[in-house]
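Examining the three-dimensional arrangement
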Amino acid sequence: QSQPPASAAPPLAPEAAAVLATVPKISAQELFARLGTRDMSLLVLDVRGAEEYAAGHVPGARNLPHDEVGARAGELRVAKDAGQQIVVYCRSGRRAALAIEALRKAGFEKLAHLEGDYMGWEAAGLEVARGRVASDAKGDSGASREPTPR
């Protein structure tokens, strides 16, 4: 039996995979293209921890750690009221599934999952933004920061 590369994500638990199967997927390439057109119908939500976010994230993504999504979902109400689709990602999918469940419980319906999560974004060689932005879903989205080419 061959072993997956060390950088490969571990398989998702069936519960997380089941949650992610209930929302539309958006590929890294499609998201990159839509972000390039400054598509305002999207809000990209990175649900990893602040340190992971600072080390590299999808340009323009807002950081809201998965374990705070339920308590802070009100901060995303503007996106909901504007009809924006919230594209959720983490490192490999587990935390994204938890965040999607929390958002659903808070009444959010326009949700999507970044296929492959951050690992897939990196593997595709797409632009990565670096640096710390306040972990505040209604604050600076980081979009003004220049992305770091890979």
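Coordinates for the structure precede this section.
Below or above, wherever it landed, is the structure these notes cover.

Criteria and cut-off values
- Residues numbered from 1 in each chain as written.
- Predicted model: local features only at pLDDT ≥ 70, side-chain atom pairs only at ≥ 80, totals over all residues.
- Heavy atoms only, no water.
- Helix = DSSP H or I, 4+ residues; strand = E, 2+ residues; numbered from the N terminus.
- Buried < 20%, exposed > 50% of the residue type's maximum accessible area, 1.4 Å probe, protein only.
- Areas by Shrake-Rupley, 256 points an atom, 1.4 Å probe, with all protein chains shown as cover.
- Pairing = 2+ DSSP bridges.
- Phe/Tyr/Trp six-rings, centres within 6.5 Å; stacked < 30°, edge-to-face > 60°.
- Lys NZ or Arg CZ within 6 Å of the ring centre and 35° of its normal.

1. A few points about the overall build of the protein chain
If you tally the helices and strands in the protein chain, you get seven helices and five strands. The proportion of buried residues among the 150 residues of the protein chain is 41%. Here the protein chain has roughly 7700 Å² of accessible surface; of this, 53% comes from carbon and sulfur atoms.

2. Side note on unusual backbone geometry
With a phi angle near 55 degrees, Arg38 is a residue other than glycine that sits in the positive phi range. For Arg38, the position within the fold is in the loop between helix 2 (28–36) and strand 2 (42–46). Unusually for a residue other than glycine, Asp117 sits at a positive phi of about 55 degrees. In this structure, Asp117 sits in helix 7 (residues 117–123). Asp117 gets classed as buried once you look at its relative accessible area, which sits at 2%.

3. Side note on the pairing of strand 2
In terms of residue burial, strand 2 counts as a mostly covered element, since five of its five residues are buried. Going residue by residue along strand 2, you find Leu42, Val44 and Asp46 tucked away on one face and Leu43 and Leu45 tucked away on the opposite face as well. Looking at chain direction, strand 2 and strand 4 (residues 85–89) are connected through five bridges and run parallel. Looking across to strand 4, one finds that Leu43 is bridged to Ile86. Pairing of strand 2 with strand 3 (residues 62–63), which is carried by two bridges, proceeds in the parallel orientation. Directly across from Asp46, in strand 3, lies its bridge partner Asn63.

4. Here's the deal with the packing of aromatic side chains
Where two aromatic rings form a pair, the distance of their centres and the angle of their planes describe that pair. For the structure on display, the rule yields two aromatic pairs. On the numbers, 6.3 Å between centres and 20 degrees between planes, the contact of Tyr89 with Tyr118 is stacked. Of this pair, Tyr89 sits in strand 4 while Tyr118 sits in helix 7, and the two are 29 residues apart along the sequence. With respect to class, Tyr89 is no different from Tyr118; both count as buried. Lying over the aromatic face of Tyr118, Arg48 brings its terminal NZ or CZ to 4.2 Å of the ring centre. The positively charged end of Lys80 is found above the aromatic ring belonging to Phe108, 5.4 Å away from the centroid.

5. Some details on the environment of Pro59
Topologically, Pro59 is positioned in the loop between helix 3 (50–55) and strand 3. Once the C-alpha coordinates of Pro59 and Ala129 are considered, the two residues, 70 residues apart in sequence, prove to be 5.0 Å apart.

6. With respect to the sheet that holds strand 3
Strand order in the open sheet formed by five strands is 1-5-4-2-3, and the pairing between neighbours is parallel. In this open sheet, the two edge strands, each paired with only one partner strand, are strand 1 (25–26) and strand 3.

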